[in-house]
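Tertiary structure, described
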Amino acid sequence: IGFAADFTGISVHHINAHGHAQIFGWVGLFIMGFASQAFPRLWHTTLAAPRLSVAIFVMMLAGIAIRTAGMTAPAASWSVPAALGGGLLEIVAIALFGGQMLVTFRRSNARLEPYIAFALASLGFFFAQALLSVWHMHRVMTAPTQEALINQIATWQAPLRDLQIHGLALFMILGVSLRMLPALYEVPRIADRRAWIAFALLLAAVVGEA
C-alpha cells in the first residue's frame, strides 16, 4: 500500500490475512501465554493439564501460519483448503485453551469476581470470533461474484472486528487491569458493584453492536 500510494494496492484477501495475523498471532498468542502463566497464580492453584499447553501452542502457531499462507494466495488451488485447515487448528486450540482455563478456575478456591467475569467473557468471545472468522474467510475467498464479495464484507467484517477488538481484547485488558493495576500502582480497587455494572453494560454493548 505504501509503495503504491494506494489503499487498493493490495487485495482484500491480503488485508484480511494481515488482520488475521494481528488478532490470532499478536493478541491471541499473548493472551494465551499470559493467562496460562498468571491466572493459576492469581487463583492460588496450578494450571490444569500443563502438558496440554505445548500441544495448544503448536496447534495455534501452525494454524496461524497455514491459514495466513492460504489467505495470501487466493488464486492458488490449495489456498482455500489450507486456510480452512489452519482455521480448524485455531478453533481446536482455542477451545482446548478455554477448557483448560475453566477447569483451572473450577478446581481452585477462587470466587467469581468481576475481573474473572471479564476474562471468561473474553475467552468466550475468543472462541466465537474464531468460528465467525473462519466462516467469513471462506465466504470471502469463495465469493462467486464481485457483488457477493462486497455484500459479505459489508455485512460481516465489522461485526467480526467488534467481537475481536471489543470482545476478545478489550474484555481481557479490562479484566486484567481490574485485578493488577490497584496492586501495581497502590490505588483503591474498583468496587465490585461498579465493576459488575460496567461488565453488564459492556457485554450488552458488544453483543448489541455486533
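The structure contained in this document is the topic of the report that follows.

Reading the values: rules and limits
Residues numbered from 1 in each chain as written. Predicted model: local features only at pLDDT ≥ 70, side-chain atom pairs only at ≥ 80, totals over all residues. Heavy atoms only, no water. Helix = DSSP H or I, 4+ residues; strand = E, 2+ residues; numbered from the N terminus. Expected span 1.5 Å × (residues − 1). Buried < 20%, exposed > 50% of the residue type's maximum accessible area, 1.4 Å probe, protein only. Phe/Tyr/Trp six-rings, centres within 6.5 Å; stacked < 30°, edge-to-face > 60°. Lys NZ or Arg CZ within 6 Å of the ring centre and 35° of its normal. Bend = angle between axes of the 7 residues up to and from the residue. Polar contact = N/O pair within 3.5 Å; in protein donor to acceptor, adjacent residues only side chain to side chain. Contact = heavy atoms within 4.5 Å.

This part takes up helix α4 (residues 114–141). Spanning 28 residues, α4 covers 40 Å between terminal C-alpha atoms, matching the ideal 40 Å at 1.5 Å per step. Most of α4 sits out of view: 20 of its 28 residues are buried.

Once that is clear, we can look at the packing of aromatic side chains. Counted under the stated rule, the structure contains 10 aromatic pairs. Ring geometry for phenylalanine 30 versus phenylalanine 34: centroids 6.5 Å apart, planes at 10 degrees, classification stacked. Here phenylalanine 30 pairs with phenylalanine 34, and both are found in helix α1 (residues 12–42), just 4 residues apart, close to one helical turn. Here arginine 67 stacks its cationic end above the ring of phenylalanine 24, 5.2 Å away from the centre of that ring.

With that settled, the discussion passes to α1. The terminal C-alpha atoms of α1 lie 42 Å apart, and with 31 residues this matches the ideal 45 Å at 1.5 Å per residue to within 8%. By the largest-angle criterion, alanine 35 marks the main kink of α1, which is about 35 degrees. Positive backbone phi, at 55 degrees, marks histidine 44, one or two positions downstream of α1.

This part takes up the side chain of arginine 67. In this fold, arginine 67 is placed in helix α2 (residues 52–71). Residue arginine 67 is classed as buried on the basis of its relative accessible area, which comes to 1%. Side chain to side chain, arginine 67 and serine 133 meet in a polar contact 2.6 Å long. Once residues within four sequence positions are removed from consideration, arginine 67 is found in contact with His20, Phe24, Ala82, Ala83, Gly86, Gly87, Glu90, Ser133, Val134 and Met137.

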